Number of protein chains: 2
Amino acid sequence: MKLLIKNAKILPVDAAMSVIENGWIGIDGSTIVLVEERETEAVLAFDADRVIDAKGKMAMPGFVNTHSHSPMTILRCYGDDLPLNEWLFGKMIPTEEKFSKEDIYWGGMLGMMEQIKSGVTCLADMYEPSNILTDMVVENQIRANIAGPHITMNPEKEYEEYVAHIKKWNNSHDGLIRESAIIHAIYTYSEEKIRARVAAAKEAGTGMQIHISEAPFEQAQIFEKYQKTPMQMLESWGVFDVPTVAAHCVHLTDGDFEILKKRDISVAHCPSSNLKLGSGIADVPRMLAEGINVSIGTDGASSNSNLNFVEEMHMTAMIHKGNSMNPLVVNAKEVIRMATVNGAKALGFGNEVGSLEVGKKADLILVDTDKAHLTPLNNPFSAAVYSMQGSDVDTVIVNGKILMENREMSLVDEEKIKYNVNKIAKRLI
Amino acid sequence: MKLLIKNAKILPVDAAMSVIENGWIGIDGSTIVLVEERETEAVLAFDADRVIDAKGKMAMPGFVNTHSHSPMTILRCYGDDLPLNEWLFGKMIPTEEKFSKEDIYWGGMLGMMEQIKSGVTCLADMYEPSNILTDMVVENQIRANIAGPHITMNPEKEYEEYVAHIKKWNNSHDGLIRESAIIHAIYTYSEEKIRARVAAAKEAGTGMQIHISEAPFEQAQIFEKYQKTPMQMLESWGVFDVPTVAAHCVHLTDGDFEILKKRDISVAHCPSSNLKLGSGIADVPRMLAEGINVSIGTDGASSNSNLNFVEEMHMTAMIHKGNSMNPLVVNAKEVIRMATVNGAKALGFGNEVGSLEVGKKADLILVDTDKAHLTPLNNPFSAAVYSMQGSDVDTVIVNGKILMENREMSLVDEEKIKYNVNKIAKRLI
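Keep in mind the model is a prediction, meaning the values are calculated, not measured. (Residues numbered from 1 in each chain as written. Chains lettered and ligands numbered in written order. Predicted model: local features only at pLDDT ≥ 70, side-chain atom pairs only at ≥ 80, totals over all residues.)

Asks: Hey, could you run me through the relation of the copies chain B and chain A in this one?
Replies: Note that the two copies of the chain are related through a rotation about an axis and a translation along the same axis. Structural alignment of chain B on chain A gives an RMSD of 0.0 Å, achieved by rotating through 180° and translating 0.0 Å along the axis. One copy is carried onto the other by what is essentially a two-fold rotation axis. It is Ser 391 of chain B whose C-alpha, among those of chain B, lies nearest the rotation axis, at 3.4 Å. In this assembly the copies share their binding face: 100% of the residues contributing to the interface of chain B also contribute to that of chain A. (Least-squares fit on C-alpha atoms with pLDDT ≥ 70 in both. Contact = placed C-beta atoms within 7 Å.)

Following this line, the structure appears as C-alpha cells:
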C-alpha cells in the first residue's frame, strides 16, 4: 500500500529541528520514501493508493512512551489520595490478585487504545503475564518494547527458559516488537536473580527494563544494606552492560549521574506518576545538560491516572521550570525530542523511528491544529508542548498502517473494549 | 425557558460532596429549581420546554477561572523559552503596543471561547481597555468579574470617574457582571494610586483584583524599599478592607499567611503560569490547611500557553504532591471545591453559583464520560481531576442559557473568531 499525505505542516524532528510549512509525505509499505517541501516531481510520480489531505493538520513523528503498565487501567482512580501503603497493600495488590487473564487482556487493550488516542506509536510495557502484552501489541499493530516475565514458575529451568523466551519474541512480528529482560527493582529482586537476568539479556542480545530510584525508601533501604546507592549496586552487578531503560531516576547522587552518562542509560521520566505518588521531581534539567538520553513515560493508569502522552509532555515542559525557578530549562524542542527520537533510542528503535525522514519506518501522527487553543499557531514546537491536548491527535499511523483516523480506531473495537473494562471494574471494584 | 436534564451522574459539589448516580436537574429561567435523585413527582410535574438526555454524562457546577487576561491569546506561544526580560520587553510589550481595539476584541473572544470549551462558566478578566471585556462578557453570556481600567487618562478627575465606572458596571447585565477595582501590582503602582483605588472600591462597593508576590524580584524590591513584604505593605495601606482576589501568592512569609487568613483574602492559584515563567510553586497545601479560600486561575495564554481550565485543575492536583513529597495533600475533592465554590466566593458570586443546588443560578457543565481515559469511572471526583481532559466538556450552561452543546458554540461563531485571530497574528507576529 502506497500512502500519500499532502498539505501538512511537518515537524520532521530531524537534527536541525526544521519545519516544513506545507509538505508532502510518501509512504511505501512500512517505510517513508518521500518528505518534500512542495509538490515535487517525485511527489507527482508517486503512484499513491490512498491520499490524505492534511490541510490544517500538523504531521509529527509518533510519540514513544518508554514506561507503562497498560492493563492497570482497570484500577484507574481507585484508591487515589491515600497513603502509599494503603494504596498498594489495601487497594492495588488485593484487586490485582483477582485479575483473570481475560481481565488483563481487556485492561491492556484499553490502555494501548488510550495511548494510541494521544499519539503514541511505540510503547514500553511491563505486566504479567507478559505474553498477553505481546498478543495485544500484535492485535493493535503498535510498535513496542515488552518486558519479559517478571515472575517465572520454573526456578530450576528459569535461566534457560528466560533466554529462550526473550530471544523468541525479540525482533518478532515484522520487527514491531523488541523484547527486554526485566529487573523489576533492586528492592524486589535478589542479587542472584538480578545477575541471572543480566546474563539472560546478554545471551539473548536484548535490552533491559528496570525501575530505579523512584522513591526515597529505595535509596534508604539499599544504602543501609550496602552503603551504596541502587544505581551503584546495579552497576557493580553488571546490569548496565546491557542497553537499559531506567524508569523514574528521581533520587540520584552525583555518582549516579556519572553512571547514567558513562553507561549511556536511557531514563524514562514519568512526571505525573512521580508527582501523584509524592515520589518527588527528577532532575531532568541536569540530565539534559549532561547529555543523558531522557525520554518520557506515562507509567500505569493507577498512578497517573490516565495514559495521555501529550499531558506527560506538557508536564515535562512545565514542572522543571517551576521547580528550578528557571524558565529556560527543558524547552519545547527538547521535550519534543524526548518524546520522539530519545524515546526511540531508549526502546531500541533508534535507527527505525523517532523522526520523519526518508528510509525511516512510517510511525507518525496528524494533529488537528484548527482548534481554539492552538490559534494562532505562532510556534508549532511550543504549541505541541504547551498548548496541545491529547484529543487534538487526529490520525495515527504505525509501520505504514492507519491505527486511528479522525479519532476513530481503525483496527480495534473501541466500544467493545470500554464495555468489557466497565464490566470488569463492576465485578472487582 | 424551562430546561430539564435527565439521567446525569451529578456531582452537586454540596457541603457533603455527595454523588447522585442517575439524577434529574430542572432549570427555570436562570435558576435551578430541581435536583432529584430519581424521576420524582416534582420531575414529572415539571413542564419542560427542552429535555437533554445526559446518559453517559456527568453534571457538575461550571468552573470558575479566577485569574485571566483573555485577549493575550494573540501572543500564545510567542517568545516561549526565553528569559523573562527578553520575553516581556522584547516580545510581549512591543507587540501589545500594536494591538488595536479590534485586535483586543478578537483575542478576547477567542480567550473566552477557549475557557468555555474547557467548562468555565465564570471568569475573572483583567485587560485594557476593560470596557471591551465587558462587551465580550455580554456577547458570550458568561458570568464574570471584570477588573476596571488599569490606566486612566484623566488624572485630575481620575477618582470620580473611576468610582462612577466601576459602580456603573458592578452587578450589571442581569447580575452576570461584577466589576472590581484593580491594583495591577505593588511594584507598578504608587502608594497614592493604591490608596485611591481602595477608596474607590469602598465607595463603589466593589471588590479588588490584584497580583501579589508572583516572583522573587517583587519581594526583594519591596523589602529593600520598605523592609516589609508586599502583603504587609498592602495591608498597611488598607487594601484588604475590600474583598480581594489575589493572583499568584507564590512567595509568602508566615506573616503573609496570617494576613491572608485574618482578612479572608481569596487566592487565585495559577500553577501553569507560575511553572512556565519559573516563578515557583505556591504553598497551596498550607493555604488549604489554614482554611484560606484558594481558587484556580489560568492566567493569560502568553504565560500558560492555553486557557484550558481542566488542565489547571489537573496541575493543581499533581504538582503539590510531588513538590511536598506527600501524596495526601490537595486531594481531588479539594481541587473540585477550589474550581467551583471557592472560585465563586472569590469573585463575589458565592451565594449564586459554585454548586448545583435548588435556588442557585444554573451555571453547569455536562462532561462526556464515555471516553477511554475515563473508563472505568471508579471514582468520579478523582476522574474529574486526574483523568479528565478539557475536550470531555460537552455542554456548558450559564444562567440557564446554553453556551455550548456537543462541543459546538451556540452563541458565537467559532470559525469567524479563529479566522480573525489568525489574521491578526499574521499581521503582528
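Still more ground to cover, so stick around.
Asks: Where do I start with the domain arrangement of chain A in this structure?
Replies: When the parts of a complex come together, some accessible area is lost, and that lost area is often taken as the interface size. All names here are of chain A. The domain architecture assigned to chain A consists of domain 1 (2-61 + 362-409) and domain 2 (63-346). Computed from C-alpha coordinates alone, the two centres of domain 1 and domain 2 are separated by 29 Å. Counting from both sides, the interface comprises 21 residues of domain 1 and, opposite them, 26 residues of domain 2. Contributing elements (two or more residues each) for the side of domain 1 that touches domain 2: helix 14 (380-387), strand 15 (393-398) and strand 16 (401-405). (Domains from an automatic or database assignment. Helix = DSSP H or I, 4+ residues; strand = E, 2+ residues; numbered from the N terminus.)

Asks: It is not clear to me how helix 13 (residues 332-346) of chain B should be interpreted in this structure. Could you clarify?
Replies: An α-helix turns once every 3.6 residues. As a result, residues three or four positions apart point the same way. Residues and elements named next belong to chain B. A rise of 1.5 Å per residue sets the reference length of helix 13, with its 15 residues, at 21 Å; its end C-alpha atoms lie 20 Å apart and thus fit the reference within 8%. Met 338 marks where helix 13 bends most, by close to 45°. Positive phi appears at Gly 348, one or two residues downstream of helix 13, with a value of about 85°. (Expected span 1.5 Å × (residues − 1). Bend = angle between axes of the 7 residues up to and from the residue.)

Asks: Looking at this model, I keep getting lost on the interface of chain B and chain A. Mind explaining?
Replies: Contacts between chain B and chain A engage 53 residues on the former and 53 residues on the latter. Those elements giving two or more residues to the side of chain B that touches chain A turn out to be helix 3 (101-117), helix 10 (271-276), helix 12 (309-324), helix 14 (380-387) and helix 15 (414-428) of chain B. Split by residue class, the side of chain B that touches chain A holds 23 nonpolar, 21 polar and nine charged. (Nonpolar A, V, L, I, M, F, W, Y, C, P; charged D, E, K, R; others polar.)

Asks: Help me out: how do you make sense of the packing of helix 5 (residues 158-169) of chain A against helix 6 (residues 191-204) of chain A in this one?
Replies: Packed helices, taken two at a time, are described by the angle between their axes plus the distance between the axes. All names here are of chain A. Relative orientation of the contacting elements helix 5 and helix 6 amounts to 45°, with a least axis distance of 9 Å. Relative to helix 6, the element helix 5 lies oblique. Both helix 5 and helix 6 take part in a crossing whose hand is right-handed. Contacts between helix 5 and helix 6 involve Tyr 159, Tyr 162, Val 163, Ile 166 and Lys 167 from the first element and Ala 196, Ala 200, Glu 203 and Ala 204 from the second. Residue classes in the contact of helix 5 with helix 6 are distributed as seven nonpolar, no polar and two charged. (Axes fitted to C-alpha atoms, helices over the stretch in contact; angles between N-to-C directions. Parallel < 35°, antiparallel > 145°, perpendicular 65-115°, else oblique. Left-handed = near helix turned anticlockwise from the far one by under 90°.)

Asks: Could you clarify how one ought to interpret the pairing of strand 5 (residues 57-61) of chain B in this entry?
Replies: Successive side chains on a regular strand alternate, one facing one side of the sheet and the next facing the other. All names here are of chain B. With five of five residues buried, strand 5 is to be regarded as a mostly interior element. As judged from the five bridges shared by strand 5 and strand 14 (residues 364-368), these two strands associate in the antiparallel manner. Bridge pairing in strand 14 places Ala 59 opposite Leu 366. (Buried ≥ 20, exposed ≤ 12 C-beta atoms within 10 Å, placed from the backbone. Pairing = 2+ DSSP bridges.)

Asks: Explain helix 7 (residues 216-226) of chain A here, please?
Replies: All names here are of chain A. Within the sequence span of helix 7, burial applies to Glu 218, Gln 219 and Ile 222. Buried residues of helix 7, viewed axially, fall in a sector of 95°; they line one side. Structural note: helix 7 exposes Phe 217, Ala 220 and Glu 224 on the side pointing more than 90 degrees away from its buried face. Of the surrounding secondary structure, the elements contacted by the buried residues of helix 7 are helix 8 (230-236). Once helix 7 ends, the next one or two residues include Gln 227, with phi positive near 55°. (Arc of directions from axis to C-beta.)

Asks: Which parts of the structure should I look at to understand unusual backbone geometry?
Replies: A negative phi angle characterises most non-glycine residues, just as the trans form characterises most peptide bonds. Residue and element names in this part refer to chain B. Backbone torsion omega between Glu 128 and Pro 129 reads -10°, so that peptide bond is classified as cis. Positionally, Pro 129 belongs in the loop between strand 7 (120-125) and helix 4 (130-140). Note the cis peptide between Thr 375 and Pro 376, where omega equals -10°. Backbone geometry at Asp 81 places phi at a positive 60°, although glycine is not the residue there. Mapped onto the elements of the fold, Asp 81 is located in the loop between strand 6 (63-65) and helix 2 (84-96). On the basis of neighbour count, Asp 81 is assigned to the buried category, with 22 C-beta atoms found within 10 Å. Unusually for a residue other than glycine, Asn 406 sits at a positive phi of about 50°. Relative to the helices and strands, Asn 406 is located in the loop between strand 16 (401-405) and strand 17 (408-409). On the basis of neighbour count, Asn 406 is assigned to the exposed category, with 9 C-beta atoms found within 10 Å.

Asks: Sorry, what's going on with the confidence of the model for chain A here?
Replies: Caution applies to low-pLDDT parts of the model: their predicted coordinates are not meant to be read in detail. All names here are of chain A. For chain A, per-residue confidence averages 96 on the pLDDT scale, and residues scoring 70 or more make up 100% of the total. Mean pLDDT across the elements of chain A ranges from a minimum in helix 2 (residues 84-96), with 89, to a maximum in strand 6 (residues 63-65), with 99. Scored as a whole, the predicted complex attains pTM 0.98, and scored at its interfaces, ipTM 0.97. (pLDDT = per-residue confidence, 0-100.)

Asks: What should I look at first to understand the nonpolar core in this one?
Replies: Side chains that are nonpolar tend, in soluble globular proteins, to be buried together. With 270 residues, the main nonpolar core has Ile 25, Ala 59 and Cys 122 of chain A together with Ile 25, Ala 59 and Cys 122 of chain B as its most contacted residues. In contact with Cys 122 of chain B, not counting residues within four places along its chain, are Gly 62, Val 64, Ile 142, Arg 143, Ala 144, Gly 343, Ala 344, Leu 347, Phe 349, Val 353 and Asp 363 of chain B. (Core = buried A, V, L, I, M, F, W, Y, C linked by C-beta atoms within 7 Å.)

Asks: Is there a simple way to explain the pairing of strand 7 of chain B in this structure?
Replies: All names here are of chain B. With six of six residues buried, strand 7 is to be regarded as a mostly interior element. Sheet topology places strand 7 next to strand 8 (residues 143-147); four bridges connect them, and they run parallel. Pairing of Asp 125 across the sheet is with Ile 146, part of strand 8. Crossover connection from strand 7 via helix 4 to parallel strand 8: handedness right-handed. (Right-handed = clockwise from strand over helix to strand, strands pointing away.)

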